[in-house]
Amino acid sequence: MTNLEIHDMVGYWIDKLGLTGWTITTEAIEKKSVTYADDVPESDKYFVGIQIDKESMQARIYHDRPLTDEYVVHELLHVKFPLEQEDWINKVTTIALNNKHYD
Ligand SMILES: [Zn+2]
């Protein structure tokens, strides 16, 4: 995926999720920059996370695997609903992705 495609994908979801005014950037990180416990299965050894600065309305998504709609929606929902737990975020991510098909 090119930087332009990532930019468009993130822009689409910023709009959709009502995060207008936020600046969301992404940064690919090295896989080896994240350490995992020995009991973490190989398939779970990946990292996608977001750092949020509410004051300046900026957030940065860090990822060590290619970004997908699912990852972007998940992380942006953390921006939109900072108090919600993982379970809820996962549920709403699925709903948002399903609704995309009706556009
Ligand atoms: Zn999460």
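One structure accompanies this document, and this report is about it. The model shown is predicted, which means the values in this text are computed figures rather than measured ones.

**Brief notes about the overall build of the chain**
Point 1. When its secondary structure is counted, the chain shows 3 helices and 3 strands.
Point 2. Across the 103 residues of the chain, 29% fall into the buried class.
Point 3. By sequence separation, contacts in the chain at least 24 residues apart represent 56% of the contacts at least 6 residues apart.
Point 4. A total accessible area of about 7100 Å² is found for the chain, and carbon and sulfur atoms account for 51% of it.
Point 5. Taking the average location of the 10 positive side-chain charges in the chain and that of its 19 negative ones, the two points are 1 Å from each other.

**Description of the packing of aromatic side chains**
Point 1. As enumerated under the stated definition, the model contains 3 aromatic pairs in all.
Point 2. With centroids separated by 4.8 Å and ring planes inclined at 90°, the aromatic side chains of tyrosine 12 and tryptophan 13 adopt a geometry described as edge-to-face.
Point 3. With centroids separated by 6.0 Å and ring planes inclined at 50°, the aromatic side chains of tyrosine 46 and tyrosine 71 adopt a geometry described as tilted. With tyrosine 46 in the loop between β1 (23–28) and β2 (48–53) and tyrosine 71 in helix α2 (residues 69–80), this residue pair connects regions lying 25 residues apart in the sequence.
Point 4. By relative accessible area, tyrosine 46 is classed as partly exposed at 28%.
Point 5. If you follow arginine 65 out to its NZ or CZ, it ends over the ring of tyrosine 46, 3.7 Å from the centre.

Basis of the calculations
- Residues numbered from 1 in each chain as written.
- Predicted model: local features only at pLDDT ≥ 70, side-chain atom pairs only at ≥ 80, totals over all residues.
- Heavy atoms only, no water.
- Helix = DSSP H or I, 4+ residues; strand = E, 2+ residues; numbered from the N terminus.
- Buried < 20%, exposed > 50% of the residue type's maximum accessible area, 1.4 Å probe, protein only.
- Contact = heavy atoms within 4.5 Å.
- Areas by Shrake-Rupley, 256 points an atom, 1.4 Å probe, with all protein chains shown as cover.
- Lys, Arg positive; Asp, Glu negative; His and termini not counted.
- Charge placed at Lys NZ, Arg CZ, Asp CG, Glu CD.
- Phe/Tyr/Trp six-rings, centres within 6.5 Å; stacked < 30°, edge-to-face > 60°.
- Lys NZ or Arg CZ within 6 Å of the ring centre and 35° of its normal.

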